[in-house]
Amino acid sequence: MKITILGAGVTGLTLARLLLQDGHDVLVLESSGEAGGLCRSSVVDGFTFDHAGGHILFSKDRATLDWMKERAGSDSLVETERRTRILWHDRYVPYPFENGIASLTPQAKFECLKGYLEAVERRKGGEPCPEDFHSWILWKMGKGFADHFMIPYNEKIWECDLREMSSLWVAGRVPDAPVDDILKAVSGLETRGYTHQARFFYPRRGGFQALTDGIAEGLGDRLVTGHEVRNLRRRGGGWEVDGDPTDLVVNTIPLPVLAEVFEGLPEEIRLECAELRPISLANVLIGCRSDRGLDPLSWIYLPFEDQGPANRVTFFSNYSPENAPEGHVSFMAEVTYRGTLETGKEWLGDLCRALETCGLFRREDVVVLHPFHSRYAYIDQNLAFPDRIARLRAWFDRSGLLSIGRFGRYEYHNSDQCVQRAFQARAHIARLAETGDDLPLSLPA
Ligand SMILES: Cc1cc2nc3c(=O)[nH]c(=O)nc-3n(C[C@H](O)[C@H](O)[C@H](O)COP(=O)(O)OP(=O)(O)OC[C@H]3O[C@@H](n4cnc5c(N)ncnc54)[C@H](O)[C@@H]3O)c2cc1C
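Treat the numbers as computed from the prediction; the structure is a model and nothing was measured.

Student: For this particular structure, what's the right way to read the sheet that holds strand β2 (residues 25-29)?
Tutor: Strands belonging to one sheet form pairs held by backbone hydrogen bonds; the direction of such a pair is parallel or antiparallel. One open sheet accounts for 5 strands, arranged β9-β2-β1-β13-β19; its pairing is parallel. Among the strands making up the open sheet, the edge pair consists of β9 (223-224) and β19 (402-403). Bridge count between β2 and β9: 2 bridges; the pairing is parallel. Note on β9: the bridge partner recorded for L29 is V224. Sheet strands touched by helix α1 (residues 10-21): β1 (2-6), β2, β9 and β13 (248-251). Its angle to β1, the strand with the most contacts, is close to 165 degrees.

Student: Honestly, a nonpolar patch on the surface in this entry has me stumped. Any pointers?
Tutor: A cluster of nonpolar side chains, L117, V179 and L183, forms an exposed patch at the surface whose accessible area comes to about 200 Å². On the secondary structure map, L183 appears in helix α6 (residues 179-187).

Student: Quick question: what am I supposed to make of the site of the ligand here?
Tutor: The immediate surroundings of the ligand are formed by 32 residues, with T11, E30, H55, H413 and S415 found nearest. Interatomic distance of 3.2 Å between a backbone N/O atom of V10 and an oxygen atom of the ligand. Measuring from an oxygen atom of the ligand, one finds a backbone N or O atom of I56 at 2.8 Å. Compared with its free state, where it exposes 1000 Å², the ligand has 91% of that area covered by protein. Residue composition of the shell around the ligand, grouped by class: 15 nonpolar, 13 polar and 4 charged.

Student: I tried to follow helix α10 (residues 345-357) on my own but got confused; where do I start?
Tutor: Within an α-helix, residues lying three or four positions from one another point in the same direction, as the helix has 3.6 residues per turn. With 13 residues, α10 ought to run about 18 Å at 1.5 Å a step, and its terminal C-alpha atoms sit 18 Å apart, in line with that. Within α10 the residues assigned to the buried category are W347, L348, L351, C352, A354 and L355. Projection of α10 onto a plane perpendicular to its axis shows the buried side chains occupying an angular sector of 160 degrees, all on one side. When the buried face of α10 is taken as reference, the exposed residues oriented beyond 90 degrees from it are K345, E346 and T357. In this structure, the buried side of α10 is in contact with β14 (278-289), β16 (312-314), β17 (328-337) and β18 (366-379).

Student: What am I meant to see in the domain arrangement of the chain here?
Tutor: As a measure of interface size, the accessible area lost when the parts come together is often cited. As far as domains go, the chain holds domain 1 (2-38 + 209-276 + 382-435), domain 2 (97-189) and domain 3 (278-379). Using C-alpha coordinates to define each centre, domain 1 is positioned 32 Å away from domain 3. Facing the 11 residues of domain 1 at the interface are 6 residues of domain 3. Buried area between domain 1 and domain 3, summed over both chains or domains, comes out near 710 Å², and the portion from carbon and sulfur atoms is 72%. It is L38, F407 and Y412 in domain 1 that bury the most area against domain 3; as a group they hold 48% of the surface buried on that side. Applying the counting criterion to the domain 1 and domain 3 interface returns 0 salt bridges. Applying the counting rule to domain 1 against domain 3 returns 1 residue pair in polar contact (both at pLDDT 80 or more). Residues belonging to the side of domain 1 that touches domain 3 are distributed by class as follows: 9 nonpolar, no polar and 2 charged.

Student: How should the sheet that holds strand β10 (residues 232-235) be read in this particular structure?
Tutor: Spatially, β10-β11-β12 is the arrangement adopted by the 3 strands of the open sheet, whose pairing is antiparallel. Where the open sheet ends on each side, the last strands, each with one partner, are β10 and β12 (244-246). Each strand of the sheet is rotated relative to its neighbour by a mean of 30 degrees, with strand direction disregarded. In the sheet, β10 pairs with strand β11 (residues 238-241) via 4 bridges, with the strands oriented antiparallel. Its bridge partner lying in β11, R235 is registered against G238.

Student: Explain the pattern of salt bridges to me, please; I cannot follow it from the model alone.
Tutor: Between side chains of opposite charge, pairing is possible as soon as their charged atoms come close. Here the structure, examined in full by the defined rule, presents 31 salt bridges. In this structure, the salt-bridge partner of R426 is D22, at a minimum N-O distance of 2.9 Å. Of this pair, R426 sits in helix α12 (residues 415-435) while D22 sits in the loop between α1 and β2; the two residues are 404 residues apart in sequence, bridging distant segments of the chain. Ionic contacts of the salt-bridge type, sharing partners, join the residues R233, R235, E240 and E263 into one network.

Student: What is the right way to read the state of the cysteines from this model?
Tutor: What we call a disulfide is simply a covalent bond connecting the sulfur atoms of a pair of cysteines. Tallied over the entire structure, the rule returns 0 disulfides. C352 takes part in no disulfide bond, and the closest cysteine sulfur to it belongs to C288, at a distance of 7.6 Å. On the basis of relative accessibility, which here comes to 4%, the residue C352 falls in the buried class.

Student: What should I look at first to understand unusual backbone geometry in this one?
Tutor: In most cases, non-glycine residues show a negative phi, while peptide bonds are predominantly trans. Cis peptide bonds are those with omega within 30 degrees of zero, and the linkage from Y95 to P96 qualifies with 0 degrees. Among the structural elements, P96 can be located in the loop between β7 (91-94) and α3 (106-124). Within the chain, H89 stands out as a residue other than glycine whose phi angle is a positive 50 degrees. Mapping H89 onto the fold places it in the loop between β6 (84-88) and β7. Here E159, not a glycine, exhibits a phi torsion of approximately 55 degrees, which is positive. Tracing the sequence through the fold places E159 in the loop between α5 (143-158) and α6. Among the residues examined, E159 registers a relative accessible area of 39% and is labelled partly exposed.

Student: What is the right way to read the packing of aromatic side chains from this model?
Tutor: Both the distance between ring centres and the angle between the ring planes are used here to describe each pair of aromatic rings. Evaluation of the coordinates by the stated rule reveals 29 aromatic pairs. Put simply, the rings of Y95, F97, Y116, F145, F149, Y153 and Y301 touch in pairs and so form one group of aromatic residues. Sitting over the ring of W67, R71 keeps its end group 4.9 Å from the ring centre. When the ring centre of W299 is taken as reference, the NZ or CZ atom of R312 above it lies at 5.0 Å.

Parameters at a glance
- Residues numbered from 1 in each chain as written.
- Predicted model: local features only at pLDDT ≥ 70, side-chain atom pairs only at ≥ 80, totals over all residues.
- Heavy atoms only, no water.
- Pairing = 2+ DSSP bridges.
- Helix = DSSP H or I, 4+ residues; strand = E, 2+ residues; numbered from the N terminus.
- Contact = heavy atoms within 4.5 Å.
- Axes fitted to C-alpha atoms, helices over the stretch in contact; angles between N-to-C directions.
- Patch = residues over 30% accessible without salt bridge, like charges linked within 9 Å, V, L, I, M, F, W, Y side chains within 5 Å.
- Areas by Shrake-Rupley, 256 points an atom, 1.4 Å probe, with all protein chains shown as cover.
- Salt bridge = Lys/Arg side-chain N within 4 Å of Asp/Glu carboxyl O.
- Near = heavy atom within 4 Å.
- Polar contact = N/O pair within 3.5 Å; in protein donor to acceptor, adjacent residues only side chain to side chain.
- Nonpolar A, V, L, I, M, F, W, Y, C, P; charged D, E, K, R; others polar.
- Expected span 1.5 Å × (residues − 1).
- Buried < 20%, exposed > 50% of the residue type's maximum accessible area, 1.4 Å probe, protein only.
- Arc of directions from axis to C-beta.
- Domains from an automatic or database assignment.
- Buried area = accessible area lost by both parts, 1.4 Å probe.
- Disulfide = S-S within 2.5 Å.
- Phe/Tyr/Trp six-rings, centres within 6.5 Å; stacked < 30°, edge-to-face > 60°.
- Lys NZ or Arg CZ within 6 Å of the ring centre and 35° of its normal.

Following this line, the structure appears as structure tokens:
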């Protein structure tokens with residue numbers, strides 16, 4: 001088949017590579033000057049940085065991880081033990097917060113434990129799982145955990161009142177905190193959350209983009225960058241993309257962008273797509289002179305407003321020594337926003353002042369400050385989102401066009417899950433090619 005893939009992020013590139021292996025005639029169209037999407041990296045004044053915040057290579061699925069490691073260059077990966085902390089007022093608390101409560105003040109420890117046990121009681125009494133995220137936090141973790149970390153941190157990253165956010169997205173993303181673990185944690189016994197991320201990999205050179213560069217190897221002129229798709233429409237039994245006929249289209253670009261260029265898309269679907277409002281990210285590279293290196297941390301969370309606008313700071317030169325020039329270190333600070341955000345000199349100065357107050361570096365040592373914006377970074381998980389996205393996926397899955405990827409399907413996926421989706425789409429396309437039928441796309445949950 002002749003197959004046109006819209007977007008060359010990790011999803012589109014993986015699928016292109018697989019379909020080429022299967023003997024299809026593949027074309028990937030990417031609007032940006034370089035492939036990689038959210039996995040892209042750049043070098044600024046000798047400092048390597050990832051465009052969309054520090055990316056780490058990990059997966060719960062061994063085969064997927066091995067495939068990705070091979071693409072990123074197995075023998076040139078740096079393996080690191082994940083060390084993450086929350087900067088909680090005057091001290092570092094291990095992350096996840098519920099595993100780190102031994103480090104809190106006695107009063108905060110008491111409030112977290114009391115609230116947690118009350119929540120367990122209420123749940124045992126049959127209190128149903130709430131629909132909104134704010135109530136879910138109280139229901140699941142109790143008032144102490146909510147007030148001391150979960151609510152301020154989540155309000156900062158999601159940029160909204162958590163009562164307007166659905167609780168459904170947390171299933172599977174936030175690990176369960178059994179009573180035993182909380183009691184152990186409060187007693188100071190070691191417990192660990194997110195064990196599948198306990199160690200992670202990162203390319204020694206080239207930033208996280210070394211992964212997508214490796215995946216793209218061999219695509220040659222089948223990958224066309226600098227081509228913004230402006231028109232998509234049906235043509236006979238197939239499709240036409242910017243006037244070029246093709247048998248099948250696989251979309252990985254954000255649905256609201258797709259809806260703008262999809263000629264003949266039913267009006268109600270177009271309107272629903274337009275309601276998928278992006279949460280954007282400004283990721284700021286901060287390069288500093290240093291003769292003592294960085295604390296051995298991977299990243300820290302900054303949950304409180306008085307710590308400035310960043311919700312997370314990655315200790316990026318710890319990922320690979322080649323991320324910063326000799327005698328220097330680098331951080332990346334992530335700030336989420338809705339709509340627009342001016343990241344001019346004054347804003348960058350305020351950000352740096354706040355991070356200096358947090359004790360991360362001295363402003364006089366900063367030699368590079370470089371913001372990068374990703375318009376589509378996080379999914380707005382508002383209360384209407386679960387039903388809306390179910391309707392949209394159902395429509396697109398029957399449309400004959402395959403739509404996959406973080407914003408092509410609106411799944412809160414990491415790059416490994418995008419790779420898995422590409423493998424599943426490949427299997428679906430093999431069935432289409434074999435049967436010649438217009439089968440609806442069906443993907444495992
Ligand atoms: C802050 C943050 C941290 C993350 N951390 C990690 C991590 O540590 N580890 C991890 O594995 N994953 C991480 N992820 C997730 C990971 O970045 C994504 O899951 C993955 O990159 C999504 O790939 P994709 O191909 O689906 O989409 P994208 O990367 O968004 O690719 C879509 C492509 O479509 C292109 N496009 C858009 N419009 C058009 C058009 N009209 N015509 C042609 N092309 C177009 C875009 O330029 C883009 O290249 C993180 C994400 C974020 C936001």
